[in-house]
Amino acid sequence: GNQDRARFTSLAEGTVKFDEDHKFAGWTRSINHKGVAGYARMRQLQAFTLSMPGIPCLYYGDEIADVGGNDPDNRRMLRREHLNEDELRTREHFSDFARLRQSRMSLVAGLTTLEVPQEGVLAIRRTYPGETTTVLINKSGEEQVIPVKAGITLLAGDGEIVGAGELGDAAVVIPALGTAAIDN
């Protein structure tokens, strides 16, 4: 996001339409959240941005999935208090992925490969000598189960590892519109 665009969350959840005048929308109506899909899609964008090569950039308010039309509506006062449950969850998700980015050389300087392990899931694999981080983003509206080797560790996101015994098969379960970062 930036000051010259409508807020990503508003576009992602449809409270601002792609084909309308975003500045006019911000001046003429009150743009608010409609449901939780915008929050989930912002968490996906955060995971993507913090997993790709380059220097990640976050526009203030995106850490809580703030809403709004184009300038000046996208420059609402930054809120740090009285956040709702979804805003707190989104801020925590961002913080987890930001800390992960700072602590993993694979996310800073690793070789990047993109894969689609199954329909609706993007896998961003970043490899650095001695370290591999894979970020899984489930854009589908259904829970996805991704087979993985046993012994992996969940690093961030809202997925979970099941069947991770030393000898058995394992999988990462990612909720609809969810993310998971794993050490593999």
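Residue positions are counted from 1 within each chain, in the order its sequence is given. Selection of residues for local features in this predicted model requires a pLDDT of at least 70, selection of side-chain atom pairs for listing and counting requires 80 or more, and totals for whole chains, interfaces and linings are taken over all residues. As a rule here, side-chain values come from all non-hydrogen atoms in the structure, and water together with hydrogens is ignored.

Draft legend 1. Geometry of the pattern of salt bridges. Whenever Lys or Arg places a side-chain nitrogen within 4 Å of a carboxyl oxygen from Asp or Glu, that contact is recorded as a salt bridge. Following the criterion strictly, the structure yields eleven salt bridges and no others. A salt bridge links Arg79 to Glu87, with the nearest nitrogen and oxygen atoms 2.5 Å apart. Overall, the relative accessible area of 31% leaves Arg79 in the partly exposed class. Notably, a salt bridge pairs Arg125 with Glu115, separated by 2.8 Å at the nearest N-O pair. With Arg125 in strand S2 (residues 121-128) and Glu115 in strand S1 (residues 111-118), the pair connects residues that are ten residues apart, well separated along the chain. A 1.4 Å probe rolled over the protein chains alone gives each residue an accessible area, and that area as a share of the maximum for its type sets the label: buried under 20%, exposed over 50%, partly exposed in between. What makes Arg125 partly exposed here is its relative accessible area of 23%. Taken together, the shared-partner salt bridges in this structure form one network comprising Asp66, Arg79 and Glu87. Every helix listed is a DSSP run of H or I at least four residues long, and every strand listed is a run of E at least two residues long, numbered separately from the N terminus.

Draft legend 2. View of the pairing of S1. When DSSP finds at least two bridges between two strands, those strands are taken to pair. Here S1 runs beside S2; their pairing, made up of six bridges, is antiparallel. Each bridged residue has a counterpart across the sheet, and for Leu111 the counterpart in S2 is Thr127. Hairpin connection, S1 to S2: the antiparallel pair is bridged by two residues, and Gly120 has positive phi, about 90 degrees.

Draft legend 3. Quick peek at the sheet that holds strand S7 (residues 170-174). Pairing in this open sheet of three strands is antiparallel, and the strands run S4-S7-S6 from one edge to the other. Where the open sheet ends on each side, the last strands, each with one partner, are strand S4 (144-148) and strand S6 (160-162). With direction set aside, neighbouring strand axes in the sheet form an average angle of 30 degrees. Strand direction decides the pairing type here: S6 and S7, joined by three bridges, are antiparallel. Across the sheet, residue Glu160 finds its bridge partner in S7, namely Val173. The axes used here are C-alpha line fits, helices contributing only the stretch in contact, and every angle between their N-to-C directions lies in the interval 0 to 180 degrees.

Draft legend 4. Main features of the packing of helix H3 (residues 37-51) against helix H4 (residues 85-103). Running from N to C, H3 and H4 point in directions that differ by 10 degrees, and their axes come no closer than 10 Å. In this view, H3 runs roughly parallel relative to H4, as classed from their interaxial angle. Where H3 approaches H4, its residues Tyr39, Met42, Arg43, Gln46, Ala47, Thr49, Leu50 and Ser51 are matched on the opposing element by Asp86, Glu87, Arg89, Thr90, His93, Phe94, Phe97, Ala98 and Arg101. In this classification, the charged set is Asp, Glu, Lys and Arg, the nonpolar set is Ala, Val, Leu, Ile, Met, Phe, Trp, Tyr, Cys and Pro, and all remaining amino acids, among them Gly, are polar. A class-by-class count of the residues in the contact of H3 with H4 yields seven nonpolar, five polar and five charged. Relative orientations are named as follows: roughly parallel for angles under 35 degrees, roughly antiparallel for angles over 145 degrees, roughly perpendicular for angles from 65 to 115 degrees, and oblique for any other angle. Contacts are residue-level and defined by heavy atoms, with any inter-residue pair within 4.5 Å sufficient.

Draft legend 5. Region of the structure containing the environment of Pro56. Along the chain, Pro56 turns up in the loop between H3 and H4. Beyond its immediate chain neighbours, meaning those up to four positions away, Pro56 contacts Thr49, Leu50 and Arg101.

Draft legend 6. Geometry of the nonpolar core. Note on terminology: a nonpolar core comprises buried Ala, Val, Leu, Ile, Met, Phe, Trp, Tyr and Cys residues joined through side-chain atoms within 4.5 Å. Among the nonpolar cores identified, the biggest contains 13 residues, and Phe97, Leu100, Val135 and Ala181 are the most heavily contacted of them. When residues of this core are traced back to their parent elements, those giving at least two are H3, H4 and strand S3 (131-138). Among the elements that line this core, the one with the most residues is H4, at four residues. Excluding its chain neighbours within four sequence positions, the residues that come into contact with Ala181 are Phe97, Leu100, Thr134, Val135, Thr153, Leu154, Leu155 and Ala156. Core analysis: the second largest hydrophobic core is formed by eleven residues, Leu136, Val148, Ile152 and Ala180 among them.

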